[in-house]
Amino acid sequence: MRLSRMFMPTRKEDPADAEIASHKLLIRGGYVRQLTRGIYTFLPLGWKSVKKIQRIVREEMDAAGAQEILMPGVQPSELWQESGRWDDYGPELLRFEDRKGGEFCLGPTHEEVITDLVRGELNSYKQLPLNLYQIQTKFRDEPRARFGLLRGREFIMKDAYSFDLDEEGAEASYEQMYEAYGRICDRLGFDWSAVEADTGAIGGEKSHEFQVVTDTGEDKLVSCPDCGYAANIEKAQLPADGFEAPEAGDLESMETVETPGKTTIGEVCDFLGVEPTDCVKTLLYEVDDQAVAVLVRGDHAANDIKVRDFLRDQVGMEFATLEMADDGTVYDLTGASVGYAGPVGLDVPVYADNAVREMANFVVGANADDTHRRNVNWERDFDVEGFADLREAEAGDPCPECGTALETSRGIEVGHVFYLGTKYSDAMGASVQTDEGVDQSLIMGCYGMGITRILAAVAEQNHDEHGLIWPMPIAPYHATVLPLQMNSDEVVETGEEIYEELQEAGVEVMIDDRDEGVGAKFKDADLIGIPVRVAIGTRGLEDGNVELKLREEDDDELVPVDEVADRIVEIVEERGA
RNA sequence: CGGGACGUGGCGCAGCAUGGUAGCGCGCUUGCUUCGGGAGCAAGAGGUCCCCGGUUCGAAUCCGGGCGUCCCGACCA
């Protein structure tokens, strides 16, 4: 490709809207442009890389026995009514009507469509197992799109769906996808980790996320350096046993203290001269139209997902939404502003994290403005309906598998595999006959991978202060040829020769034949991050040399003109283009 | 949805407090020069100052109401 003809609008300055490196560089490098919030156009360079990501994903999916199809982006509400998600999915599902008043949505995921498809076409166990996938544009009306391609509203996703007759088969399908995802992450050059995860709106029985490890990731992860346990912090369990209730004799008498304007744990601790570990936070949740209180130690954070699961599975509550109570509700419940809630005398069910079980003589809010209580003790001063693991894991907590201190990191979720079970097949009546002639619901798995998010994740993990540094397999071009002085016939001709030679050798190559200064050419080459660069200048040509440089390395190398193409072919092959 | 910021040529910004008919850098066009890390000189083109309404002789600037984008949080995969 000739840069003189290429649509590659690079920018010298960072865009005002971008915050993180991948977003800034993909815009500056002319890879993408934003159309509106969370919706992007892919320019030639960006689209080339996206297609390369797709190719890798296709190869691994095909190799794992999955078959590619393409489902519609627009889906009728009837299917979503059947699965129950028309009501459950919430405002993230973009709904609209057609001219006849029929209700539709833009597909955020395709469980309903695929289940509808297979229930009509699969009749016999002999047709199983089956795994179908597609690479498709999804739309989720995210409440907060951000970070460029990392959290868009419209994005390209690969989603696969497996159908099996029994659990062993479904486990095997899950395992195959899990392995394939690992291979994809390896080929993309990621530093990655597969972690246990919550299943969220997709539902199902178990799931793993494939996380690209980077400080700018949105997800918090915990991992065990010893046994390899790794989980999203939303999911990370903590040991449930070993919490000793305090001795009755150690309890001191409760007192009320003035704490004017002290609404946070930090402020209360400074004011009263106590530690956060001596305090208990009282968190009020609205569960549909009921309220519950959750207690956690002052230095701990509640894990809303654990709270949700606990209330559903252990307490047996049924509800659609669980959220933190707003300021007004807190006032109605406690008679005080936010910051002074406490369990003593509170007229809502109180649940507590396990860590609270072994606390004694702690500090809580007094349900009155500017007031706290000290030397409060559970059971004596208020009732706890139940203790459970309700808090977020943090660094240093014991690994649930082996007890070693956990470490924390951050990640970008690029893939998620779910063992769905029969959630959708039961709801939508997708079954086959077994060899005994009885109907059996299909056991499903679904497997998502964010293609366009991967582009951003690779950029996030591979850049420096000058620009992007693509791994060879997804670089839009393998090599770029820079004739440095366009007024030198020898430079231009040598550049053209090398360019042609590389093209003939099958290298995807660009030539910067623009009438630009040498500085502009180098800067753009660094910015767009092409792995191999060959610079042709009058200086090197005096000795018959050109300069070969890898984007990921600091130094260049003088190479004789007639050897450089072979060298580049070699480099490109080595790096798995 | 709660909190905050911003909206001015293609891009990045100044101007707004104290109203007087829009400016800078980059980019773009033309010419000449230049040619090893975003070249120099000269001459140009390009703007509904987000939108609607109000105040005023006069609004980018003041007031009211919208819309949009970004950030933090909530939410979500």
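Draft legend 1. Layout of the overall build of chain A. Along the backbone of chain A there are 16 helices and 31 strands. Out of the 577 residues in chain A, the part that is buried amounts to 43%. Long-range pairs, those at least 24 residues apart, make up 71% of the contacts in chain A between residues at least 6 apart in sequence.

Draft legend 2. Looking closely at the confidence of the model for chain A. Chain-level pLDDT for chain A is 92 on average; 99% of the residues reach the 70-or-more range. Model confidence for the complex: the whole-complex pTM is 0.92, and ipTM, which rates the interface, is 0.94.

Draft legend 3. Representation of the pairing of strand S1 (residues 32–36) in the model. Direction of pairing for S1 relative to strand S2 (residues 39–42): antiparallel, over a ladder of four bridges. Counterpart to Val32 in the pairing with S2 is Phe42. Taking the residues that link successive antiparallel strands as the turn, the S1-S2 hairpin has two residues, and the phi of Gly38 there is positive, at about 75°.

Draft legend 4. Up close: the sheet that holds strand S29 (residues 532–536). In space, the five strands of this open sheet follow the order S28-S27-S29-S30-S31, with mixed pairing throughout. The open sheet has two edge strands with one neighbour each: strand S28 (509–511) and strand S31 (556–560). Within this sheet the neighbouring strands show an average axis-to-axis angle of 25°, counted without direction. Note: strand S27 (residues 479–483) against S29, five bridges, orientation parallel. Following the sheet pairing, Leu482 is matched in S29 by Ala535.

Draft legend 5. Examining the nonpolar core more closely. Core analysis: the biggest nonpolar cluster contains 98 residues, and Ile451, Ala479, Val509, Val534 and Ile568 have the highest contact counts within it. Residue assignment places this core across two domains, with domain 1 (21–237 + 408–459) and domain 3 (477–574) each supplying three or more. Excluding its chain neighbours within four sequence positions, the residues that come into contact with Val509 are Tyr477, His478, Ala479, Thr480, Val481, Tyr499, Leu502 and Gln503. Counting 34 residues, the second-largest nonpolar core is a separate cluster that includes Val294, Val296, Leu311 and Leu390.

Draft legend 6. Looking closely at unusual backbone geometry. In this chain, Leu128 is followed by Pro129 through a cis amide linkage whose omega measures -5°. The phi angle at Asn367 is positive, at roughly 60°, despite the residue not being glycine. Structurally, Asn367 can be placed in the loop between strand S18 (362–365) and strand S19 (371–376). By C-beta crowding, Asn367 is classed as buried, having 22 other C-beta atoms within 10 Å. The backbone phi angle of Asp370 is positive, close to 60°, even though this residue is not glycine. The class of Asp370 is partly exposed, set by 16 C-beta atoms lying within 10 Å.

Draft legend 7. Representation of the pairing of strand S24 (residues 443–450) in the model. With respect to burial, S24 is a largely interior element, eight of its eight residues being buried. With burial as the criterion, each face of S24 is covered, one bearing Ile443, Gly445, Tyr447 and Met449 and the other bearing Met444, Cys446, Gly448 and Gly450. The pairing of strand S8 (residues 154–164) with S24 spans eight bridges and is antiparallel. Across the sheet, Asp159 pairs through a bridge with Gly448, a residue of S24. Summarising the sheet, strand S21 (residues 407–421) and S24 pair through six bridges and their orientation is antiparallel. What sits directly across from Val417, in S24, is Tyr447.

Draft legend 8. Geometry of the domain arrangement of chain A. Domain boundaries assigned for chain A yield domain 1 (21–237 + 408–459), domain 2 (248–388) and domain 3 (477–574). Each of domain 1 and domain 3 was reduced to a C-alpha centroid, and the two centroids are 40 Å apart.

Draft legend 9. Structural context of the sheet that holds strand S4 (residues 74–76). Read from one edge to the other, the open sheet built from three strands follows the order S4-S6-S5, with strand pairing classed as antiparallel. Each of the sheet's edge strands pairs with one partner strand only, and the pair in question is S4 and strand S5 (95–97). Between one strand axis and the next, the sheet turns by 40° as a mean value, whatever way the strands run.

Draft legend 10. A look at helix H5 (residues 111–121). Listing the buried residues of H5 in full gives Glu111, Glu112, Ile114, Thr115, Asp116 and Val118. On its buried face, H5 sits against S4, helix H3 (77–83), strand S7 (130–139), S8, helix H11 (423–428) and S24.

Draft legend 11. Molecular detail of the packing of helix H1 (residues 21–28) against helix H12 (residues 451–461). Close contact between H1 and H12 brings their axes to 8 Å; oriented N to C, the two are set at 105°. With respect to their mutual orientation, H1 and H12 come out roughly perpendicular. Contacts between H1 and H12 involve Ala21, Ser22, Leu25 and Leu26 on the former and, on the latter, Ala456, Ala459 and Glu460. Its residues placed into classes, the contact of H1 with H12 shows five nonpolar, one polar and one charged.

Draft legend 12. Region of the structure containing the packing of helix H13 (residues 489–504) against helix H16 (residues 561–574). The geometry of H13 relative to H16 is characterised by a closest axis approach of 10 Å and an angle of 30° between their N-to-C directions. Relative to H16, H13 is oriented roughly parallel. With respect to the hand of their crossing, H13 and H16 are arranged in right-handed fashion. Residue-level inspection shows Thr494, Ile498, Glu501 and Leu502 of H13 in contact with H16, the latter providing Val561, Val564, Ala565 and Ile568.

Draft legend 13. Inspection of H16 at higher detail. Here H16 spans 21 Å end to end across 14 residues, near enough to the 20 Å set by a 1.5 Å rise per residue. Along H16, the positions that sit buried rather than exposed are Val564, Ala565, Ile568 and Val572. Down the axis of H16, the smallest arc covering the buried residues is 95°, so these residues share one side. Of the residues in H16, the exposed ones pointing more than 90 degrees away from the buried face are Asp562, Glu570 and Glu574. In this structure, the buried side of H16 is in contact with S27, H13, S29, strand S30 (545–550) and S31. A positive phi of about 65° marks Gly576, the residue just after H16.

Draft legend 14. Spatial organisation of the environment of Leu165. Inspection of the secondary structure puts Leu165 in the loop between S8 and helix H6 (167–187). Its 22 C-beta neighbours within 10 Å are what place Leu165 among the buried residues. Between the C-alpha atom of Leu165 and that of Ile412, which follows or precedes it by 247 residues, the distance is 33 Å. With sequence-adjacent residues up to four places away left out, Leu165 is seen in contact with Tyr125, Leu128, Val432, Thr434 and Gln440.

Calculation rules
Residues numbered from 1 in each chain as written. Chains lettered and ligands numbered in written order. Predicted model: local features only at pLDDT ≥ 70, side-chain atom pairs only at ≥ 80, totals over all residues. Helix = DSSP H or I, 4+ residues; strand = E, 2+ residues; numbered from the N terminus. Buried ≥ 20, exposed ≤ 12 C-beta atoms within 10 Å, placed from the backbone. Contact = placed C-beta atoms within 7 Å. pLDDT = per-residue confidence, 0-100. Pairing = 2+ DSSP bridges. Axes fitted to C-alpha atoms, helices over the stretch in contact; angles between N-to-C directions. Core = buried A, V, L, I, M, F, W, Y, C linked by C-beta atoms within 7 Å. Domains from an automatic or database assignment. Parallel < 35°, antiparallel > 145°, perpendicular 65-115°, else oblique. Nonpolar A, V, L, I, M, F, W, Y, C, P; charged D, E, K, R; others polar. Left-handed = near helix turned anticlockwise from the far one by under 90°. Expected span 1.5 Å × (residues − 1). Arc of directions from axis to C-beta.

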